Amino acid sequence: MQSHTTLYRGRFAPSPTGPLHKGSLIAAIASYLEAKKNNGKWLVRMEDVDELRNVKGAANSILHSLEAFGFEWDESILYQTQRKDAYADALQNLKKQKRVYPCTCSRKSLRDKAASGLITTGQFGVIYPGFCSNNAFTNVNPEDYSIRIKTPEQSYSFNDELSGYNIQNLKIDSGDFIIRRRDGLFAYQLAVVVDDDFQNISHIVRGSDLLDSTARQLFLQQCLKYPQPQYAHLPLIVHENGDKLSKQTGAKSIGNKADIPLLIECLKFLGQKPPELLSHASLDEFWQWAKNNWQLSITSTLQKK
Ligand code: GLU
Ligand code: ZN
């Protein structure tokens, strides 16, 4: 068996909820160059697990943009919609370990409880304190529950290559979180961990919007006895009003034609120092310079406009 630690395997994992935009291009560039710099593999995974949010044609549009911008991925693309059996196996494993329970609380009841101060709300919604944690799967209507995992009263910490030491107490900071939704879809947190392991990903370079998810992912990795990858969370582009640039906040598509000035802007955003002349370079010359000069460590984690 191949060791996880000797071979660098990175990935770019876009969700096909719209075309590629500058924010996602930055994550693609950084994960790609870091993999190349380390003589590693770079994989693309289509994170279409949340089928209600997928936009028709977006997956192909993302792949066409990547191709046009000169990215070359290794191995075939993994689609999360084709991985449901693997997620179900992982869930079964967690069930056997008695770590999960069916939660029948409606969103409305949780919202009401939060409004009356019975439960607190964190950055990602209510911090669920486990009202249903004694529910047995045999006693609930199979159509009508989400599945949550019991979070331990324990701290999870990791050293991020860019943002340094991070620590979270899952019980306090996240609460018992959902790994399979009421509509039957698996949650991103479970899917990402199962797939990163399946693809032997050793290094994860992604946007800082996922920094707070990492502790939950470390916990799931531990429960499922998976090795822990190394993380680097990139700065995000933020709007004047503080919102991050995303499809929801109107990010433009990068289109289907290699745009060298845009690639250079992204490199500069990542703290790199491309020479002025590079804006006249061909796509090949651009990537050659980028691969030879890339340094993740000079990327600042400060959020920028
Ligand atoms: N699919 C996620 C996104 O597009 C990225 C997940 C990850 O990199 O772990 O935001
Ligand atoms: Zn509940």
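Residues numbered from 1 in each chain as written. Chains lettered and ligands numbered in written order. Predicted model: local features only at pLDDT ≥ 70, side-chain atom pairs only at ≥ 80, totals over all residues. Heavy atoms only, no water.

J.: Tell me about the sheet that holds strand β1 (residues 9-12), and please be specific about residues and values.
T.: Spatial strand order, β1-β2-β3: three strands in an open sheet with parallel pairing. The open sheet is flanked by β1 and β3 (78-79), the only strands paired with a single partner. Note: strand β2 (residues 41-46) against β3, two bridges, orientation parallel. Within the sheet, the bridge partner assigned to arginine 45 lies in β3 and is leucine 78. In the packing of helix α6 (residues 188-198) onto the sheet, the strands contacted are β1, β2 and β3, and the crossing angle to β2 comes to about 145°. (Pairing = 2+ DSSP bridges. Helix = DSSP H or I, 4+ residues; strand = E, 2+ residues; numbered from the N terminus. Contact = heavy atoms within 4.5 Å. Axes fitted to C-alpha atoms, helices over the stretch in contact; angles between N-to-C directions.)

J.: Residue-level account of the state of the cysteines, with values.
T.: In the structure shown here, the tally under the stated rule is zero disulfides. With no disulfide of its own, cysteine 223 has cysteine 103 as its nearest cysteine by sulfur position, at a separation of 18 Å. Residue classification places cysteine 223 among the buried positions, given a relative accessible area of 1%. (Disulfide = S-S within 2.5 Å. Buried < 20%, exposed > 50% of the residue type's maximum accessible area, 1.4 Å probe, protein only.)

J.: Before we move on, could you go through helix α1 (residues 22-37) and cite the residues and values that matter?
T.: For α1, which comprises 16 residues, the first-to-last C-alpha distance of 22 Å matches the rise-based estimate of 22 Å (1.5 Å per residue) to within 8%. By the criterion of burial, α1 is predominantly enclosed, with twelve of the 16 residues buried. What α1 keeps buried is the set Ser24, Leu25, Ile26, Ala27, Ala28, Ile29, Ala30, Ser31, Tyr32, Leu33, Glu34 and Ala35. Positive phi appears at asparagine 39, one or two residues downstream of α1, with a value of about 50°. (Expected span 1.5 Å × (residues − 1).)

J.: Can you tell me about the sheet that holds strand β4 (residues 100-103), naming the residues and giving the values?
T.: With antiparallel pairing, three strands are arranged side by side in an open sheet as β4-β7-β10. Every interior strand has two partners, whereas the edge strands, β4 and β10 (177-180), have only one. Going across the sheet, the axis of each strand differs from the next one's by a mean of 45°, ignoring polarity. Judged from the four bridges that link them, β4 and strand β7 (residues 146-149) form a sheet pairing that is antiparallel. When the sheet's bridge partners are listed, proline 102 is paired in β7 with isoleucine 147.

J.: Provide a residue-level description of the packing of helix α8 (residues 260-269) against helix α9 (residues 283-293), including the pertinent values.
T.: Relative orientation of the contacting elements α8 and α9 amounts to 10°, with a least axis distance of 11 Å. When the axis of α8 is compared with that of α9, the two are roughly parallel. Of α9, the residues touching α8 (which contributes Ile260, Leu263, Ile264 and Leu267) are Leu283, Phe286, Trp287, Trp289 and Ala290. Of the residues belonging to the contact of α8 with α9, the class tally is nine nonpolar, no polar and no charged. (Parallel < 35°, antiparallel > 145°, perpendicular 65-115°, else oblique. Nonpolar A, V, L, I, M, F, W, Y, C, P; charged D, E, K, R; others polar.)

J.: Explain the packing of α1 against α9 to me, using residue names and the numbers behind them.
T.: At their nearest, the axes of α1 and α9 sit 9 Å apart, and the two run at 65° to each other. The pairing of α1 with α9 is recorded here as roughly perpendicular in orientation. Considering only the axes of α1 and α9, their crossing is right-handed. Of the residues in α9, those touching α1 at Ile29, Tyr32, Leu33, Lys36 and Lys37 are Trp287, Ala290, Lys291, Asn292 and Asn293. Tallied by class, residues from the contact of α1 with α9 come to five nonpolar, two polar and three charged. (Left-handed = near helix turned anticlockwise from the far one by under 90°.)

Shape descriptors only; they carry no functional weight alone.
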